[in-house]
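# Coordinates in review
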Amino acid sequence: QVQLVESGGGLVQAGDSLRLSCAASGRTLSSYAMGWFRQAPGKEREFVAAISRGGGSTQYADSVLGRFTISRDNAKNMMYLQMNSLKPEDTAVYYCAATQALYATLLRAYAYWGQGTQVTVSS
């Protein structure tokens, strides 16, 4: 099975950018479709973005479309989330996740999760 570790979170101001990274170990990342999810205080975990095994297909939540970009580097066993034009409502713990499905946007499809990284956007 794969182990996932997120990094890159922090405290930024509205309009700033951050890049989150997800490092995988244990199995080659190319065996999995990947996703980013987030959970704000008092809210359920929600889908942010997904990417297929080879990186050729991506999908985004409407709330981040045009501002966030998901990517992966299978040779490095890494996945990324570039977040631009951040808003206070983007404040949450961000999780990377892996699924052996070909492609998935539903939380329940993902079996492997990282521990999360906090992103806080001040107004």
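In the block above lies the structure referred to throughout.
Residues numbered from 1 in each chain as written. Predicted model: local features only at pLDDT ≥ 70, side-chain atom pairs only at ≥ 80, totals over all residues. Heavy atoms only, no water.

## Quick word on the state of the cysteines
Overall, the coordinates contain one disulfide when judged by the stated rule. Here Cys 22 engages in a disulfide with Cys 96; their sulfurs sit 2.1 Å apart. Looking along the S-S bond of the Cys 22-Cys 96 disulfide, the torsion reads about 55 degrees, which is the right-handed sense. Residue Cys 22 is found in strand E3 (residues 18–25), and its partner Cys 96 is found in strand E9 (residues 92–99); the two are separated by 74 residues along the sequence. Per residue, the accessibility class of Cys 22 equals that of Cys 96, and both read buried. (Disulfide = S-S within 2.5 Å. Helix = DSSP H or I, 4+ residues; strand = E, 2+ residues; numbered from the N terminus. Buried < 20%, exposed > 50% of the residue type's maximum accessible area, 1.4 Å probe, protein only.)

## Considerations on the nonpolar core
Ranked by size, the top nonpolar core spans 37 residues in total, and within it Leu 4, Met 34, Trp 36, Leu 81, Met 83 and Tyr 94 carry the most contacts. Elements represented by at least two residues in this core include exactly E3, strand E4 (33–39), strand E5 (46–51), strand E7 (68–73), strand E8 (78–83), E9 and strand E11 (117–122). Setting aside its immediate chain neighbours within four residues, Met 34 contacts Leu 4, Cys 22, Leu 29, Ala 49, Ala 50, Ile 51, Ile 70, Arg 72, Met 79, Ala 97, Ala 98 and Tyr 110. (Core = buried A, V, L, I, M, F, W, Y, C linked by side-chain atoms within 4.5 Å. Contact = heavy atoms within 4.5 Å.)

## Some details on the environment of Glu 89
If you trace the backbone, Glu 89 turns up in the loop between E8 and E9. Considered as a pair, Glu 89 and Ala 40 are 49 residues apart in the sequence and their alpha carbons are 8.6 Å apart.

## Things to note about the sheet that holds E8
Hydrogen bonding along the main chain pairs the strands of a sheet, whether they run parallel or antiparallel. Spatial strand order, E1-E3-E8-E7: four strands in an open sheet with antiparallel pairing. Looking at strand neighbours, the two that pair on one side only are strand E1 (3–7) and E7, the edges of this open sheet. Pairwise comparison of adjacent strand axes, ignoring direction, gives a mean angle of 15 degrees for this sheet. Pairing of E3 with E8, which is carried by six bridges, proceeds in the antiparallel orientation. Each residue of the ladder has a partner; that of Cys 22, found in E8, is Met 79. (Pairing = 2+ DSSP bridges. Axes fitted to C-alpha atoms, helices over the stretch in contact; angles between N-to-C directions.)

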